[in-house]
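# Structural characterization, general
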Amino acid sequence: MTVVDVVAEAAALRALEDVDDAELGARLLRGVPTNESRSDEELLRHATRATAFGAELAGPAPGGSASSAGSASSAGSPSPEIVEHEGGLEAALLAQYDARHHRIDLFTDTIAFCEQLVDDLGWRHLFPVGTVRAAAVEHERAHHLVTADRSRDLRAALDHEVFRLGRFRRLAYIAGADEVAAHAFATRSLGLTRSPLLLTAAATAAIRTRNDARSASNPKEN
Ligand SMILES: [Zn+2]
């Protein structure tokens, strides 16, 4: 089975490998509402800081006895329950963290799609077998850690001042920064050479093509 049917599309997706992780992070921020008016330079700065924050949150790079679970402290906040099911591909959903129910949902059909995509694009050296699921868990775990008690720290790391009044500083929330940080967290905690941002960018495009093709061949009223 192959998930990329069109050779031209595969080439376009493969070309994403030449875009570095910082730029991919900036592109992610660019696509998030409220960031439209920010300059490329500003978005790159936010992406770089969010990446540093996420990597630091994950702790030192794995090696020696470090486990794939990473070394992030989760003291006081037990790891969320992991629930696996199908039904993510239509909405291009790989995983999501549900803070209210303290659980991580993993969409097995999207995970399988992404693993196949890694093979199709020749990216196995970047993302070893099983990386998609492991990275999804680490990514959502980062959301959990940030939501639980590190959101102020993320804001401080971005250090984007909205206004200053005497000694009073107000730091802005940069939409999407938590996403970039979560990808950096997964990169560090799994010891990957490239951020799952790369795979996410390719998968999002490939799934869109797949879903467009399906709705074209199988029109439904809406
Ligand atoms: Zn996320």
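Here we come to the confidence of the model for the protein chain. The predicted model of the protein chain averages 88 in pLDDT, with 89% of residues at 70 or higher. Scored below 50 in pLDDT, residues 64-71 shows twelve contacts in the model against residues more than four places distant or in partner chains.

One number sums up the size of the largest pocket: a volume of about 500 Å³. Around the largest pocket, the lining is made up of 23 residues, and of these Leu94, His139, Glu179, His183 and Thr200 lie nearest the centre. Every element with two or more residues in the lining of the largest pocket is listed here: β2 (95-98), α4 (108-121), α5 (131-158), α6 (177-190) and α7 (196-217). By residue class, the composition of the lining of the largest pocket is 14 nonpolar, seven polar and two charged.

We now examine the coordination of the zinc ion. Coordination of the zinc ion by the protein involves His139 (NE2), His143 (NE2), Glu179 (OE) and Glu179 (OE), with metal-donor separations of 2.0 to 2.5 Å. Taken together, the four donor atoms coordinating the zinc ion span angles of 55 to 130° at the metal, a pattern that classifies the geometry as irregular. Here the donor residues for the zinc ion map to a single chain with the spacing H-x3-H-x35-E. Separated by 40 residues along the polypeptide, histidine 139 in helix α5 and glutamate 179 in helix α6 bring together distant segments of the chain. Among the residues examined, glutamate 179 registers a relative accessible area of 26% and is labelled partly exposed.

Let's shift gears to the packing of aromatic side chains. Following the criterion strictly, the structure yields one aromatic pair and no others. A ring pair is formed by tryptophan 123 and phenylalanine 127, whose centres lie 6.4 Å apart and whose planes are at 55°; its orientation type is tilted.

What follows is about the nonpolar core. Leu13, Leu117, Trp123 and Phe127 are the most contacted members of the largest nonpolar core, which totals 35 residues. If you list the elements that add at least two residues to this core, you get α1 (7-14), β2, β3 (103-107), α4, α5, α6 and α7. No other element matches the seven residues that α7 contributes to this core. Discounting chain neighbours no more than four positions away, the residues touching tryptophan 123 are Leu13, Arg14, Leu16, Glu17, Val118, Leu198, Leu199 and Ala202. Within the second largest apolar cluster, 20 residues are counted, among which are Leu43, Leu158, Val180 and Ala182.

Remark: α4 packs on α5, axes separated minimally by 8 Å, with the N-to-C direction vectors making an angle of 125°. Here α5 runs oblique to α4, going by the angle between their axes. Every residue of α5 that contacts α4 at Ile111, Cys114 and Glu115 is listed here: Thr131, Val132 and Arg133. In the contact of α4 with α5, the residues fall into three nonpolar, one polar and two charged.

Pairing between side chains of opposite charge can happen when their charged atoms approach one another. A full pass over the atoms with the stated rule returns twelve salt bridges. With its nearest N and O atoms 3.3 Å apart, the salt bridge here joins arginine 27 to glutamate 23. Here arginine 27 and its partner glutamate 23 are both found in helix α2 (residues 21-30), four residues apart, which amounts to about one turn of the helix. Of the charged contacts, one joins arginine 30 and aspartate 40 as a salt bridge, the two residues approaching to 2.6 Å between their closest N and O atoms. Linking arginine 30 in helix α2 with aspartate 40 in helix α3 (residues 40-58), this pair joins segments that are ten residues apart in sequence. Taken together, the shared-partner salt bridges connect Glu90, Arg210 and Arg214 into one network.

Rules of the game
- All residue numbers here refer to positions counted from 1 along the written sequence of the relevant chain.
- In view of the model being predicted, local features appear only for residues whose pLDDT reaches at least 70, and side-chain atom pairs are presented and counted only at 80 or more, with totals across whole chains, interfaces and linings using the full set of residues.
- Excluding hydrogens and water, the side-chain figures rest on all heavy atoms present in the structure.
- For every residue, the predictor assigns a confidence score, pLDDT, that lies between 0 and 100.
- The contact criterion used throughout is that any non-hydrogen atoms of two residues lie within 4.5 Å.
- Here a cavity is any set of points on a 1 Å grid over the protein atoms alone where a 1.4 Å probe fits but cannot get out, and a pocket is any open set with protein on both sides within 12 Å along at least 5 of 7 lines; a residue lines the site when it has an atom within 4 Å of a point.
- Grid points are joined across faces, edges and corners, and a volume is the space filled by probe spheres set on the points.
- Here a helix means four or more residues in a row that DSSP labels H or I, a strand means two or more in a row labelled E, and each is numbered from the N terminus.
- Residue classes follow a fixed rule: Ala, Val, Leu, Ile, Met, Phe, Trp, Tyr, Cys and Pro count as nonpolar, while Asp, Glu, Lys and Arg count as charged, and any other residue, Gly among them, counts as polar.
- Coordination here is defined by N, O and S atoms within 2.8 Å of the metal (3.2 Å for Na, K and Ca), and since water is not considered, a site can look incomplete.
- Here a site with four donors is tetrahedral if all angles are between 85 and 135 degrees, and a site with four or six donors is square planar or octahedral if opposite donors are over 155 degrees apart and the other angles are between 65 and 115; anything else gets the irregular label.
- Each residue gets one of three labels from its accessible area relative to the maximum for its type: buried under 20%, exposed over 50%, partly exposed in between, using a 1.4 Å probe on protein chains only.
- Geometry of aromatic contacts follows a simple scheme: Phe, Tyr and Trp rings, the Trp one being its six-membered ring, pair when their centres are within 6.5 Å, and the pair is stacked under 30 degrees between planes, edge-to-face over 60, tilted otherwise.
- Note on terminology: a nonpolar core comprises buried Ala, Val, Leu, Ile, Met, Phe, Trp, Tyr and Cys residues joined through side-chain atoms within 4.5 Å.
- As a rule, the C-alpha atoms of each element are fitted with a line to give its axis, helices using only the stretch in contact, and angles between N-to-C directions run from 0 to 180 degrees.
- Reported orientations rely on four angle classes, namely roughly parallel under 35 degrees, roughly antiparallel over 145, roughly perpendicular from 65 to 115, and oblique for the rest.
- By definition here, a salt bridge exists when the distance from a side-chain nitrogen of Lys or Arg to a carboxyl oxygen of Asp or Glu is within 4 Å.

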